[in-house]
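Okay, here's what each chain looks like letter by letter:
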Amino acid sequence: MTQQVKHFIDGEFVNSTSDKLIAVTNPATQQVIAQVPCATAEEMARAIASAKAAFQTWKEVPVSERARLMMRFAHLLKEHQGEIAEIICEELGKTIEDAKGDVWRGIEVVEQAANIPSLMMGETVENVARSIDTYSYIQPLGVCAGITPFNFPAMIPLWMFPMAIACGNTFILKPSEQDPMTVNKIAELFVKAGAPKGVLQVVHGAKEQVDAILHHPDIKAISFVGSVNVGQYIYKTGTDNLKRVQAFAGAKNHMVIMPDANKQQVVNALVGASVGAAGQRCMAISVAVFVGAAAEWIPEVAAAIGKVRPGHYSDANAAYGPQISPQARARVLSLIEQGKKEGATCVLDGSDCVVDGYPNGNWVGPTVFSNVTTEMEIYKQEIFGPVLSTMTVDSLEEALKIVNDSPFGNGTSIFTASGAAARKYQHNVEVGQVGINIPIPVPLPFFSFTGWKGSFYGDQHAYGKQAVRFYTETKTITARWFDDDIPVVGPNMSINLR
């Protein structure tokens, strides 16, 4: 019988009593590999109550002990990186190297969480007024929650709960129902690292379970990564319920190519950044804007991308895996057809992609369009597949206008040999994460992941110092201690410190 995925509630992996089950399928074969339950209202309430109770003791644990928990956790993640990657391959279809990268980028955030003592230092000023000192403490919020997408089942949960828990909070994690087994393995390792009972809860399900998180009064803050429509819903509903929310949503990332750039570096960068991970990443380059004579390179880019082929993760030569579901594949193919109808030139068409031995896989071959305009749906929509749209302009100013007119602002890059052009681009572009001769500029976790505009709803971003601010409150204390040298004066009827 197909295994049923368990919840992790109150320190134990437990079978759900729910009769609402969602099939977890291998996207390369359509084989059902597990059934994931939608948590009942009682199970959701029990998980939140457990997290609330655990917070009362966890917040008192010394920050150095919380840091050592994260050190042990990082060690175990490294030790089991290959095992976690194999689970990702099975339920998401990523190639083994891509899956290992997914785990590693999460490990880097856990390593940063181990630096929590210095990140939670407050501030102090002596003698803000006569014999009066002011100082601040950073304190946790309480129960926090995370809602994560399918495309990075290790990295994105590890963006969230380690930083929140290191800050002294407890955490409810609702992973994607499309690949839930990765998170369960990570939770198992977190317990093995020494995490106390109740500090982390993992509940599975879909919209009903998300709504329970959004409306429950004991949950103080919510982190989300996913699509635009869902991100807007999470942000509006969460804030309407007076919660802190950071919601990372869609993207349409541009690479600008100047004619003085290194052509081979441009070609190599575009191949990996556009069709790598089957295009299923919010930082993928889906639009290449060629400036001036650089447009002559488009045929070479298409030819290089055409050499890439998808395949099963057991194939060491496969460049990327399938789309997550038949529905996702159908959407990508529909947008490819729409691009053709709208007048874009399909230089490379991956619509009829076949992978030997895996006829039922959700395959889409690498696809490249030229002569794309900003009015076309393949430009306006986040395709989330291995599809690259190319555009041509005469100047950097025109390229900047295209990028800045986009409603999204997640990531962008410029390839150039000119420091002046790079400086102008990084200063003027209205995008949160900018790469200079770097195609996918995801910052390492001692910085923060800083999407802008329609790619992010909220105030404080993921990981780094901003995550600490998101998961904590600041308490400021102003203190005076009287001694015999301080004269007793009459009442102070103003707000001035004296």
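In this text the structure is predicted, and so the values were computed from the model without any measurement. Going along each chain's sequence as written, the residues are numbered from 1 onward. Owing to the predicted nature of the model, reporting of local features is limited to residues with pLDDT of at least 70; listing and counting of side-chain atom pairs is limited to 80 or more, with chain, interface and lining totals taken over all residues. Computation of side-chain values covers all heavy atoms of the structure but excludes hydrogens and water.

Student: Break down the sheet that holds strand β12 (residues 253-257) for me, with residues and values.
Tutor: What the seven strands build is an open sheet, ordered β14-β15-β16-β13-β12-β18-β19; its pairing is mixed. Every other strand in the sheet has two partners, leaving β14 (345-348) and β19 (433-436) as the edge strands with one partner each. Mean inter-strand twist for the sheet, computed between neighbouring axes without regard to direction, equals 20°. What makes two residues a contact is simply this: any of their non-hydrogen atoms within 4.5 Å. Axes, fitted as lines to C-alpha atoms, cover a helix only where it is in contact. Angles between the N-to-C directions of the axes lie from 0 to 180 degrees. Runs of H or I in DSSP of at least four residues are treated as helices and runs of E of at least two as strands, each being numbered from the N terminus. Helix-sheet contacts for helix α14 (residues 396-405) involve β12, β13 (285-291), β16 (387-393) and β18 (411-415), and the interaxial angle to β12 is about 175°. Here, any two strands with at least 2 DSSP bridges between them count as paired.

Student: Tell me about the packing of aromatic side chains, residues and numbers included.
Tutor: Each aromatic ring pair is summarised here by two numbers: the centre-to-centre distance and the angle between the ring planes. Ring geometry is summarised as follows: Phe, Tyr and Trp rings, the Trp one being its six-membered ring, pair when their centres sit within 6.5 Å, and such pairs are stacked at plane angles under 30 degrees, edge-to-face over 60 and tilted between the two. Counted by the stated rule, this structure contains 15 aromatic pairs. Ring centres of phenylalanine 248 and phenylalanine 449 lie 5.7 Å apart, and the angle between their planes is 70°; on these two criteria the pair is classed as edge-to-face. Of the two residues, phenylalanine 248 sits in strand β11 (residues 244-248) while phenylalanine 449 sits in the loop between β19 and β20 (452-453), which places them 201 residues apart along the sequence. By the burial criterion, phenylalanine 248 is buried, and phenylalanine 449 matches it. Ring geometry for phenylalanine 449 and tyrosine 463: centres 6.5 Å apart, planes at 65°, overall edge-to-face. Of the two residues, phenylalanine 449 sits in the loop between β19 and β20 while tyrosine 463 sits in the loop between β21 (456-457) and α16 (464-470), which places them 14 residues apart along the sequence. Here tyrosine 463 falls in the buried class, since its relative accessible area comes to 2%. The aromatic ring of phenylalanine 152 is capped on one face by lysine 94, whose charged end is 3.7 Å from the ring centroid. Between buried and exposed lies partly exposed: a residue is buried under 20% and exposed over 50% of the maximum accessible area for its type, with that area taken using a 1.4 Å probe on protein chains only. Only when the NZ atom of a Lys or the CZ atom of an Arg is both within 6 Å of the ring centre and within 35 degrees of the ring normal do we say a charge sits over the ring.

Student: Which residues make up helix α7 (residues 181-192), and what values do they have?
Tutor: Side chains three or four residues apart in an α-helix point the same way, a direct result of the helix having 3.6 residues per turn. Taking 1.5 Å of rise per residue, twelve residues should cover 16 Å, and α7 covers 17 Å from first to last C-alpha, within 8% of that figure. Taken across its twelve residues, α7 has nine buried, putting it largely inside the fold. Among the residues making up α7, those that are buried are Met181, Thr182, Val183, Asn184, Lys185, Ile186, Ala187, Leu189 and Phe190. A helix is expected to span 1.5 Å for every residue after the first.

Student: Give a detailed account of helix α3 (residues 81-92), specifying residues and quantitative values.
Tutor: Taking 1.5 Å per residue as the helical rise, α3 with its twelve residues ought to reach 16 Å, and the 16 Å between its terminal C-alpha atoms agrees with that figure. For α3, every residue scored as buried is listed here: Gln81, Ile84, Ala85, Ile88, Cys89, Glu91 and Leu92. Of the surrounding secondary structure, the elements contacted by the buried residues of α3 are β3 (21-25), β4 (32-37), α2 (63-79), α4 (96-113) and α7. Of the residues trailing α3, glycine 93 is marked for its positive phi of about 90°.

Student: Just give me the short version of the environment of threonine 148, but keep the residues and values in it.
Tutor: Inspection of the secondary structure assignment puts threonine 148 in the loop between β7 (143-147) and α6 (155-166). You can call threonine 148 buried: its relative accessible area is 6%. In the structure, threonine 148 is positioned 26 residues away from lysine 174 in sequence and 6.6 Å away in space, judged by C-alpha atoms. With residues near it in sequence (within four places) discarded, threonine 148 still touches Ile156, Pro157, Met160, Leu173, Lys174, Pro175, Ser176 and Val225.

Student: Any chance you could break down the UniProt feature "domain: Aldehyde dehydrogenase" (unreviewed entry) in the protein chain for me, citing the residues and the numbers?
Tutor: According to UniProt, the "domain: Aldehyde dehydrogenase" (unreviewed entry) feature falls on residues 13-477. Taken as a whole, residues 13-477 contains 40% helix and 22% strand, while its terminal C-alpha atoms sit 42 Å from one another. UniProt positions are given in the numbering used here, feature names are shortened, and annotations may be inferred rather than shown by experiment.

Student: Summarise the packing of helix α10 (residues 263-275) against helix α11 (residues 298-306); cite the residues concerned and give the values.
Tutor: Between α10 and α11, the shortest axis-to-axis distance is 9 Å and the interhelical angle comes to 50°. What the angle tells us is that α10 and α11 run oblique. The two elements α10 and α11 cross, and the hand of that crossing is right-handed. Side by side, α10 and α11 meet where Lys263, Val267, Leu270, Val271, Ser274 and Val275 of the first sit next to Glu300, Val301, Ala304 and Ile305 of the second. Working rule for angles: under 35 degrees goes down as roughly parallel, over 145 as roughly antiparallel, 65 to 115 as roughly perpendicular, anything else as oblique. Two helices that cross are described as forming a left-handed crossing if the nearer one is turned anticlockwise from the farther one by less than a right angle, and a right-handed crossing if clockwise.

Student: For the environment of phenylalanine 470, give the residues involved together with the corresponding values.
Tutor: Locating phenylalanine 470 in the fold gives a position in helix α16. Separated by 361 residues in the primary sequence, phenylalanine 470 and valine 109 place their C-alpha atoms 15 Å from one another. Apart from the residues lying within four places of it in its own chain, the contact partners of phenylalanine 470 are Leu141, Ala221, Ile222, Ser223, Arg244, Val245, Gln246 and Gln460.

Student: Describe the state of the cysteines, listing the residues and the values that go with them.
Tutor: Any two cysteine sulfur atoms within 2.5 Å of one another count as a disulfide. Applying the stated rule across the entire model yields zero disulfides. Of all cysteine sulfurs, the one in cysteine 167 lies closest to cysteine 144, which takes part in no disulfide; the gap is 8.5 Å. For cysteine 144, a relative accessible area of 0% corresponds to the buried category.

Student: How would you explain the side chain of asparagine 26 if you had to name every residue and give the values?
Tutor: Mapped onto the fold, asparagine 26 is located in the loop between β3 and β4. Leaving out residues up to four positions away in the same chain, asparagine 26 has contacts with Gln31, Ile33 and Glu90.

Student: If you had to explain the pattern of salt bridges to someone new, which residues and values would you point to?
Tutor: A pair is scored as a salt bridge if a Lys or Arg side-chain nitrogen falls within 4 Å of a carboxyl oxygen belonging to Asp or Glu. Following the criterion strictly, the structure yields 19 salt bridges and no others. With a shortest N-O distance of 3.1 Å, lysine 94 and aspartate 102 are connected by a salt bridge. Residue lysine 94 shares its accessibility class with aspartate 102, and that shared class is buried. The closest approach of N and O atoms between lysine 401 and aspartate 405, which form a salt bridge, is 2.6 Å. One end of the pair is lysine 401 and the other is aspartate 405, both in helix α14 and four residues apart, which spans about a single turn. Just as lysine 401 is exposed, aspartate 405 falls in that class too. Where salt bridges share partners, they join Glu83, Lys185 and Glu188 into one cluster.

Student: Describe in detail the environment of aspartate 459, supporting the description with residues and values.
Tutor: The topology assignment puts aspartate 459 in the loop between β21 and α16. Since its relative accessible area comes to 65%, aspartate 459 is described here as exposed. C-alpha separation for the pair aspartate 459 and glutamine 246, spaced 213 residues apart in sequence, amounts to 6.9 Å.

Student: Now, about the packing of α2 against α4: what can you tell me, with residues and values included?
Tutor: Packed helices, taken two at a time, are described by the angle between their axes plus the distance between the axes. Interhelical geometry of α2 versus α4 gives an angle of 165° and a closest axis separation of 8 Å. As far as their axial angle goes, α4 and α2 are roughly antiparallel. Of the two elements, α2 crosses α4, and the hand of that crossing is left-handed. Residue-level contacts link Met70, Phe73, Ala74, Leu77 and Lys78 of α2 to Trp104, Ile107, Val110, Glu111 and Ala113 of α4.

Student: Can you lay out the sheet that holds strand β22 (residues 472-480) for me, pointing to particular residues and giving the numbers?
Tutor: Pairing is antiparallel across the open sheet formed by three strands, whose spatial order is β5-β6-β22. Looking at the sheet topology across the chains shown, the edges are occupied by β5 (124-129) and β22. Ignoring which end each strand starts from, the neighbouring axes of this sheet average 30° apart. Of the pairings in the sheet, the one linking strand β6 (residues 132-140) to β22 comprises nine bridges and is antiparallel in character. Looking at β22, one finds that proline 140 is bridged to threonine 472.

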